[in-house]
Amino acid sequence: MTRSTAKSRRLVFALAVSALAPVASAREAARDQAAIEAGEAVYNNYCQTCHGDRLVNTGQTFDLRRLTAGDRARFENSVRNGKSQMPPWKDVLSDEEIGQLWAYIRANANQK
Ligand code: HEC
């Protein structure tokens, strides 16, 4: 291989990588958006009656928008096992649905 072929190969590689990066991130964004929408549907089915329309709490229960990015483990534990007046959801919701709920809550959180 001549030096110039190696150089042009590197160039082609660099161009291919930089051309694919936005495609990958657009795909990721679309997947995130799909999870958020699925989470909204799960929320409306199972959580809205107690936690409020569009996560807006009426003061009787915990306001889910207060959960911060570091609260995922606490969220999963409370949702799976229940907490005081809240029933456990582990026999009702799949891990995927709980992940979708988290995506929806994080997308609407007070503190992103
Ligand atoms: C029957 C009413 C009811 C339903 C339905 C309900 N919750 Fe709750 N939830 C509560 C109450 C009441 C609390 C406050 C518990 C407490 O005293 O700390 C709570 C608290 C929480 C908390 C905070 C717990 C903590 O760590 O402090 C999370 C997270 C939560 N709920 C998520 C959900 C999700 C997700 C759903 C839907 C799958 C849901 N809840 C459905 C009543 C409900």
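Structure: see above.
Residues numbered from 1 in each chain as written. Predicted model: local features only at pLDDT ≥ 70, side-chain atom pairs only at ≥ 80, totals over all residues. Heavy atoms only, no water.

**A look at the packing of helix α3 (residues 72-81) against helix α4 (residues 95-107)**
Move 1: Remark: α3 packs on α4, axes separated minimally by 11 Å, with the N-to-C direction vectors making an angle of 130°. The angle between α3 and α4 places the two elements in the oblique class. The two elements α3 and α4 meet at a crossing, and its hand is right-handed. Across the interface between the two elements, Arg72, Phe75, Glu76, Val79 and Arg80 of α3 pack against Asp95, Ile98, Gly99, Leu101, Trp102 and Ile105 of α4.
Move 2: Its residues placed into classes, the contact of α3 with α4 shows six nonpolar, one polar and four charged. (Axes fitted to C-alpha atoms, helices over the stretch in contact; angles between N-to-C directions. Helix = DSSP H or I, 4+ residues; strand = E, 2+ residues; numbered from the N terminus. Parallel < 35°, antiparallel > 145°, perpendicular 65-115°, else oblique. Left-handed = near helix turned anticlockwise from the far one by under 90°. Contact = heavy atoms within 4.5 Å. Nonpolar A, V, L, I, M, F, W, Y, C, P; charged D, E, K, R; others polar.)

**A word on the coordination of the iron atom of the ligand**
Move 1: Looking at the metal site, the iron atom of the ligand is ligated by His51 (NE2) and Met86 (SD), spaced 2.0 Å from it.
Move 2: Because the angles between the six donor atoms bound to the iron atom of the ligand fall within 81 to 179°, the donor set is best described as octahedral. With a gap of 35 residues between them, His51 in helix α2 (residues 48-51) and Met86 in the loop between α3 and α4 connect regions that are remote in the sequence.
Move 3: According to the relative accessible area criterion, His51 is buried, its value standing at 11%.
Move 4: Met86 gets classed as partly exposed once you look at its relative accessible area, which sits at 23%. (Donors = N, O, S within 2.8 Å, 3.2 Å for Na, K, Ca; no water. Tetrahedral: all angles 85-135°; square planar, octahedral: opposite > 155°, others 65-115°. Buried < 20%, exposed > 50% of the residue type's maximum accessible area, 1.4 Å probe, protein only.)

**Some remarks on the layout of surface pockets**
Move 1: Size it by volume and the largest pocket reaches roughly 500 Å³.
Move 2: Contributing to the lining of the largest pocket are 23 residues, with His51, Phe62, Leu64, Ser78 and Met86 lying nearest its centre.
Move 3: Secondary structure elements with two or more residues in the lining of the largest pocket: α1 (3-46), α2, α3 and α4.
Move 4: Of the residues assigned to the lining of the largest pocket, the class counts are 15 nonpolar, six polar and two charged. (1 Å grid on protein atoms, 1.4 Å probe; cavity = no way out; pocket = protein on both sides within 12 Å on 5 of 7 lines; lining within 4 Å. Points joined across faces, edges and corners; volume = space filled by probe spheres on them.)

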